[in-house]
Number of protein chains: 2
Amino acid sequence: MIRPRMADVAARAGVSEKTVSNLLNGYPHISEATRHKVESAIAELGYRPNLGARNMGRGRTGFIAFAVPSLGNPHFAELAGRVIHAAKQHHWTVLIEETGGEETSEDELVRALPYVVDGVILHPESLTMTDIEERGRDTPIVLLGERGLERVADRVVADNISAAAEMTEHLLDTGRRRIATVGIRADAELQASRFRDEGVRRALERRGIDYPDELQIEIPDYSRASGAAAARALADLDPRPDAVLCFNAGVAAGMLSGLHELDIRVPRDLAVAGFDDVDEAEFMAPPLTTIAWDIEGIAESAVRLLAERYDDPSLPTRDVTVTHALRIRASTAASPGWA
Amino acid sequence: MIRPRMADVAARAGVSEKTVSNLLNGYPHISEATRHKVESAIAELGYRPNLGARNMGRGRTGFIAFAVPSLGNPHFAELAGRVIHAAKQHHWTVLIEETGGEETSEDELVRALPYVVDGVILHPESLTMTDIEERGRDTPIVLLGERGLERVADRVVADNISAAAEMTEHLLDTGRRRIATVGIRADAELQASRFRDEGVRRALERRGIDYPDELQIEIPDYSRASGAAAARALADLDPRPDAVLCFNAGVAAGMLSGLHELDIRVPRDLAVAGFDDVDEAEFMAPPLTTIAWDIEGIAESAVRLLAERYDDPSLPTRDVTVTHALRIRASTAASPGWA
């Protein structure tokens, strides 16, 4: 049997192909009578459109992939929601892939997806720049990355060094002098923590304040459990730090929970700050001082860069830098009589 | 120009169609030499597969949709990750749709998606059962719903009445007698809060304890901000309750934050409990007593029901009930000398 086409459905229903296409694409402004005619024709003919049929002429699939380490990280979950929204403006549907930050998953994704999507937005954790450069020749890739790194694809970049330095200066301005940090220190090429660490180091150096190894607490992952474990490590230091900057909001949440259990009061005994202004940050106990990225701007820029690259592969590689802001809340308030 | 087919690619590369298909589907165990031959053939022919081409014979698209109110709710973000994982076992790729719990979005989704996906897993917030029943005739739908409701499609159901009753009994067992609840009381047909409320009511009745209107605090949405506002409402009650059950973990987080700001101590002055054992619950300050659903079981059951329905539309409608467990943590610990 010959597979029925959209034109057959339109003819049977007595409407234009455009109307059939509108219905298939879920446009709301179609009368019930028309909808009924088209749906009947579809049912009678057994019509089944190809995915992305609307763009078949161009070879456009209508899909892009958004690859993140984990949706369990609220920063990425929120970002995924914004990417889905931004992609709709470009008539793209988003496939979300959780890579777990593992090299194999990311590599498989970058190898396989060019065949089913029009482009990939990737938050790389494990791939090397060479991997990405090789794969990026075949399909548009936009990286969510870091300003300091080599530029091999279009990128939406954060300035983690400046953000960390600003946060450190805020802690110094509220009278803290013994500032600890909690983050991943592994040598992965793309870890944002490398740049956050560098920002802290520079700000402390400018004020002539020490940043000894014992105040650089290393954790295996960005989980709340690791943050809680780091609280216990901090409590054992002698003398204790008077402030701690956690390189992620989940770690800061675990830190606050761990300190609460140890009866160490925040901010009186210890100021706590984080990165990423996820929804929960404002409602921690106490509310968390953190770095807020322009999440909507990240999503919109990433999708726009991908669309422009898709339309013109010969464009020079571009960077869009995302803005950030310091959100000062109770977790770093100066204690009475300080500063 | 005639569009090249997979067979053309296989012939050009000197491999089987199966090998081409494997490469397109991202299978890892393909030698570099073979990969090179196939990729060269694809590039030379300008081959571009249809999405889901592997199942074209059956009309299978290879996609399912998972529709949730919001990825900003960590319960749904975690569930989305599990659904993506479970769907892979059935060779399905998941399209995530955020409906915002709005009727228009959900209705458009249920109308439009049958044409591009093999099925829909829907957490309905606003659609009526009649809407779902009508739309479900054309495409497999699995609902994540509530045991008490009318059965119009395959469902993965929670027993919120029992869960809420068990939590209430736990609060009574730790000596609390004036128990408040915080949730949405609007008359939406599918609100889980209706059933959670009923469970509390039954447990209190069994013990002959009052549940006056003033202890049933109504909030406009399940946000942390609403939880914090509810804390202020609780603080104004005279006499104050000695326990509060929040109908969602985000609301409980906001409640803890609001109580912290008001200097009301948990659990000494007020016990706090929630629903949904999201990752952050264990790391709240103090850690939250809550109801843990079997999230992995929900995801696997939903995808399995969808697969079985897809294979055999004539199956009778089925329910799978999800198990739950009480996670008792510090937020409801009995105060010294109590109970």
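The structure presented is a predicted model; accordingly, all values stated were derived computationally and were not measured.

1. Examining the nonpolar core
One broad trend across soluble globular proteins is that nonpolar side chains are buried collectively.
Inference 1: Formed by 96 residues in total, the largest nonpolar core has its most connected members in A:Phe66, A:Ile96, A:Ile121, B:Phe66, B:Ile96 and B:Ile121.
Inference 2: Sequence-distant contacts of A:Ile96, that is, excluding residues within four places in its chain, are made with A:Phe66, A:Leu71, A:Ala80, A:Ile84, B:Leu71, B:Ile84 and B:Ile96.

2. Comments concerning the packing of aromatic side chains
Residue and element names in this part refer to chain B.
Inference 1: Under the counting rule described, the total for this entry stands at 5 aromatic pairs over all chains.
Inference 2: On the numbers, 6.1 Å between centres and 85° between planes, the contact of Trp92 with Tyr310 is edge-to-face. Of the two residues, Trp92 is situated in the loop between helix H4 (74-89) and strand E2 (93-98) and Tyr310 in helix H11 (residues 295-311); the sequence distance between them amounts to 218 residues.
Inference 3: We classify Trp92 as buried; its relative accessible area is 3%.
Inference 4: Owing to a relative accessible area of 17%, Tyr310 belongs among the buried residues under this scheme.
Inference 5: Each ring, one from Phe247 and one from Phe275, has its centre 6.0 Å from the other, and the planes form 85°; the classification is edge-to-face. Within this pair, whereas Phe247 is found in the loop between strand E8 (243-246) and helix H10 (249-261), its partner Phe275 is found in the loop between strand E9 (271-273) and strand E10 (290-293), the two being separated by 28 residues in sequence. As far as the burial class goes, Phe247 and Phe275 line up, both buried.

3. Some details on the pattern of salt bridges
Pairs can form between side chains of opposite charge whenever their charged atoms are close.
Inference 1: A full pass over the atoms with the stated rule returns 42 salt bridges over all chains.
Inference 2: In this structure, the salt-bridge partner of A:Glu97 is B:Lys88, at a minimum N-O distance of 3.5 Å. Highlighted residues: A:Glu97 in strand E2 (residues 93-98) and B:Lys88 in helix H4, drawn from two different chains.
Inference 3: A residue is classified by how much of its surface remains accessible, and A:Glu97, at 18% relative accessible area, is buried.
Inference 4: Residue classification places B:Lys88 among the partly exposed positions, given a relative accessible area of 42%.
Inference 5: Across the salt bridge formed by B:Arg224 and A:Asp279, the nearest N and O atoms sit 2.5 Å from each other.

Quick notes on the rules
Residues numbered from 1 in each chain as written. Chains lettered and ligands numbered in written order. Predicted model: local features only at pLDDT ≥ 70, side-chain atom pairs only at ≥ 80, totals over all residues. Heavy atoms only, no water. Core = buried A, V, L, I, M, F, W, Y, C linked by side-chain atoms within 4.5 Å. Buried < 20%, exposed > 50% of the residue type's maximum accessible area, 1.4 Å probe, protein only. Contact = heavy atoms within 4.5 Å. Phe/Tyr/Trp six-rings, centres within 6.5 Å; stacked < 30°, edge-to-face > 60°. Helix = DSSP H or I, 4+ residues; strand = E, 2+ residues; numbered from the N terminus. Salt bridge = Lys/Arg side-chain N within 4 Å of Asp/Glu carboxyl O.

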